[in-house]
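# Tertiary structure, described
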Amino acid sequence: MATNLNTIVLLSIVMLHLGLTAQMHPIHMESPAPQPHPPQSQPQPPHHNSSQYGTTEGSLQPQECGPRCGDRCSNTQYKKPCLFFCNKCCAKCLCVPPGTYGNKQVCPCYNNWKTQLGGPKCP
């Protein structure tokens, strides 16, 4: 009976560790090469000189997340986790609030994404 209990506890610890490791080290897969599309009359993203560019939901291109998150996380002493979660949030929301703290109201997706415990997911 004791060995069964030990086995269950050991398996639980291993499963918990694997789950946490998967969250901290996501698997990156290559995406297919982009295919050319015929010109369409779609609204264009705002120009870079617009005061709201990058701060409204969906206004950034994915490759712009790195520099925006670098600015957002520039004043924290926890740079690695800040950059990790900021880039994750930016990839989903395609926006990063302006400044190094607060201002999340300009990007509802970034503001409303919560952890399992109900805390903010995005820095």
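Everything below is about the structure shown above.
This one's a predicted model, so the numbers in the text were calculated from it and none came from an experiment.

### Re the nonpolar core
If you look at the biggest cluster of nonpolar residues, it comprises 15 residues, and the most contacted ones within it are Cys86, Cys90, Cys93, Val96 and Tyr110. When contributions to this core are tallied by element, the ones reaching two or more residues are helix 2 (65-72), helix 3 (79-93) and helix 4 (108-112). The greatest single-element share of this core, amounting to five residues, is contributed by helix 3. Other than its neighbours up to four places away in sequence, cysteine 90 contacts Leu60, Cys65, Cys69, Cys95 and Val96.

### Let's talk about the state of the cysteines
As enumerated under the stated definition, the model contains six disulfides in all. The residue that forms a disulfide with cysteine 69 is cysteine 86, at a sulfur-sulfur distance of 2.2 Å. A torsion of -85° about the S-S bond marks the disulfide between cysteine 69 and cysteine 86 as left-handed. A residue pair is termed long-range when its members are at least 10 positions apart, and cysteine 69 in helix 2 and cysteine 86 in helix 3 qualify at 17 residues. You'll find cysteine 69 and cysteine 86 in the same group, each marked buried. Look at the protein chain and number its bonded cysteines as they come in the sequence; the links are 1-7, 2-5, 3-4, 6-12, 8-11, 9-10.

### As for helix 2
Restricting attention to buried positions, one finds in helix 2 the residues Cys65, Cys69 and Arg72. Buried residues of helix 2, seen end-on, are gathered within an arc of 55° and therefore sit on one face of the element. Looking at helix 2, the residues exposed on the side facing more than 90 degrees away from the buried face are Pro67 and Asp71. Buried residues along helix 2 sit in contact with helix 3 and helix 4.

Parameters and conventions
Residues numbered from 1 in each chain as written. Predicted model: local features only at pLDDT ≥ 70, side-chain atom pairs only at ≥ 80, totals over all residues. Heavy atoms only, no water. Core = buried A, V, L, I, M, F, W, Y, C linked by side-chain atoms within 4.5 Å. Buried < 20%, exposed > 50% of the residue type's maximum accessible area, 1.4 Å probe, protein only. Helix = DSSP H or I, 4+ residues; strand = E, 2+ residues; numbered from the N terminus. Contact = heavy atoms within 4.5 Å. Disulfide = S-S within 2.5 Å. Arc of directions from axis to C-beta.

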